[in-house]
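The residues making up each chain are set out below.
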Amino acid sequence: MATLLDGAALAGEIKAQVAAEIKKAGINPGLAVVIVGENPASRIYVDYKKKDCAECGIRSEEFALSAEAGEDALLACIAALNRRADIHGILVQQPLPAGYDERKVLQAISPDKDVDAFHPVNVGRIVSGDYAFLPCTPAGVLALLDHYGINPKGRHCVVVGRSDIVGKPQAMLLLHRDATVTICHSKTLDLGHFTRQADILVAAVGKENLITADMVKPGAVVIDVAMNKNAAGKLCGDVDFPAVEPIASYITPVPGGVGPMTRAILMRNTLEATQNAASVL
Ligand code: NAP
């Protein structure tokens, strides 16, 4: 039986620390959350983030634009937020509706307020190891590993998925921790050949039951980043949890694993953006 990596509990601890630091420092962090269009999943994520802010003592301001508002209106909104001294973090909820250039929009956010760490300047800093902000999901995964005393140094970490927001930065952060890293993707031939070699396996694809028990080395640490809906409408990951859990040493549940960690790191990034802004005044 694997030990469950309890992201919900650790996220609660991180948010409590963030709240305590904000109170002690007497600062007033502000996070702008920009949402465009009516994507129901985006609405749920934005509401969660606003709730987290309230728990931590972070002022959240929502900017809701209709899908028809257009890219120029969105860019003008971001430019105004960049100029506001009382807004320390800006996030634009993804995905944007069709017709918006996500890269252009992300590049419009000031790198100092880019608490998602998606701006090319922050991506470059992640690659060089000289971080301003850590990307929320991959940093949440590392925080979980650290909390449970799992050291990636010298281990073979296999990351399945190569998106800009999860797979690539995850691989880079693990590399900075001296892991040997393999990245797999949709064109990888014989995925199981690689996943079976993983001491630490990170699944970040978005396909229910992609990772089956025969694809996992006994004793491996299994991190399931994905958030899928199964046929019954229940949240599930990429990993066939009932079959994999008995052979893994550690495993994240879905829900309650990586998801809450992502949100907790966002709160920490917003606090850090506020502290950074104060230090340059
Ligand atoms: P994405 O942009 O769609 O990327 C998915 C990646 O999976 C791509 O690199 C794709 O390869 C790869 N892939 C697709 N089919 C594959 C296959 N059969 N075998 C191997 N690789 C395959 O998704 P994302 O934004 O990274 O998100 C991934 C999952 O994580 C989703 O379920 C998402 O909801 C979840 N997520 C969770 C959190 C959290 O906080 N827990 C945060 C972000 C995302 P190609 O590059 O070749 O297309």
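A short tour of the structure in this document, coming up. (Residues numbered from 1 in each chain as written. Predicted model: local features only at pLDDT ≥ 70, side-chain atom pairs only at ≥ 80, totals over all residues. Heavy atoms only, no water.)

As a structural note, the neighbourhood of the ligand is formed by 22 residues, with Arg162, Ser163, Ser186, Lys207 and Thr262 the closest of them. Between Arg162 and the ligand, the recorded distance is 2.7 Å, taken from a side-chain N or O atom to an oxygen atom. Here Met227 contributes a backbone N or O atom positioned 3.1 Å from an oxygen atom of the ligand. Protein burial of the ligand: of its 930 Å² of free accessible surface, 72% is covered by the chains. Ranked by residues supplied to the shell around the ligand, first place goes to helix H10 (residues 258-279) with three residues. Along the lines of polarity and charge, the residues of the shell around the ligand split into 11 nonpolar, nine polar and two charged. (Near = heavy atom within 4 Å. Polar contact = N/O pair within 3.5 Å; in protein donor to acceptor, adjacent residues only side chain to side chain. Areas by Shrake-Rupley, 256 points an atom, 1.4 Å probe, with all protein chains shown as cover. Helix = DSSP H or I, 4+ residues; strand = E, 2+ residues; numbered from the N terminus. Nonpolar A, V, L, I, M, F, W, Y, C, P; charged D, E, K, R; others polar.)

Right, let's talk about a nonpolar patch on the surface for a bit. A surface patch of nonpolar side chains, about 440 Å² in accessible area, is lined by Ile44, Tyr45, Tyr48, Met227 and Leu235. For the nonpolar patch, the element with the most residues is helix H2 (residues 40-56), which contributes three residues. Looking at the secondary structure, you find Met227 in the loop between strand S8 (221-224) and strand S9 (228-229). (Patch = residues over 30% accessible without salt bridge, like charges linked within 9 Å, V, L, I, M, F, W, Y side chains within 5 Å. Salt bridge = Lys/Arg side-chain N within 4 Å of Asp/Glu carboxyl O.)

Note that the residue after Gln94, namely Pro95, is joined by a cis bond; omega there is 0°. Here the bond from Val254 into Pro255 is cis, since omega is 0°, no more than 30 degrees from zero. Mapping Pro255 onto the fold places it in the loop between strand S11 (250-251) and H10. The backbone phi angle of Ala117 is positive, close to 60°, even though this residue is not glycine. The residue Ala117 is located in the loop between helix H4 (102-108) and helix H5 (120-128) in this model. A residue is classified by how much of its surface remains accessible, and Ala117, at 4% relative accessible area, is buried. Phi is positive for Asn209, close to 60°, though the residue is something other than glycine. (Buried < 20%, exposed > 50% of the residue type's maximum accessible area, 1.4 Å probe, protein only.)

Function cannot be read off these values alone, since they describe shape.
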